[in-house]
Amino acid sequence: MVAWTDEGEGVDVIVKVQASQKSNDDTRRVLVYDKRRKFVQEHSDPKIVDAFTRALAGDPKGYFLATLVHDSFELGERVRDQSW
């Protein structure tokens, strides 16, 4: 699932990255979204999930600065936890 805003390329946002605990089909997933949920991505590709898992450093969720670029984004540095 991918949903995008019309905010354009190069827009910096804070995103929440959430790793799935466990699924019925044993597929690991990560969910990535911004505060307003105008940007939402769900990933199950093992390479992508592994990259996010490394970024989370063992935490089930974390907040990161990300740059929106067309139909993808570049994950930046981790930022302090948000209240959303």
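This text goes with the structure placed above it.
The structure displayed is predicted, hence computed values, not measured ones.

## A word on the overall build of the protein
Here is step 1: Summing up its helical and strand segments, the protein has 1 helix and 6 strands in all.
Here is step 2: N-terminal to C-terminal, the α/β element order of the protein is β-β-β-β-α-β-β.
Here is step 3: When the 84 residues of the protein are sorted by exposure, 27% land in the buried category.
Here is step 4: Put simply, 48% of the contacts in the protein that link residues at least 6 apart link residues at least 24 apart.
Here is step 5: Just so you have it, the protein exposes about 5600 Å², and 47% of that area is on carbon and sulfur atoms.

What counts as what
Residues numbered from 1 in each chain as written. Predicted model: local features only at pLDDT ≥ 70, side-chain atom pairs only at ≥ 80, totals over all residues. Heavy atoms only, no water. Helix = DSSP H or I, 4+ residues; strand = E, 2+ residues; numbered from the N terminus. Buried < 20%, exposed > 50% of the residue type's maximum accessible area, 1.4 Å probe, protein only. Contact = heavy atoms within 4.5 Å. Areas by Shrake-Rupley, 256 points an atom, 1.4 Å probe, with all protein chains shown as cover.

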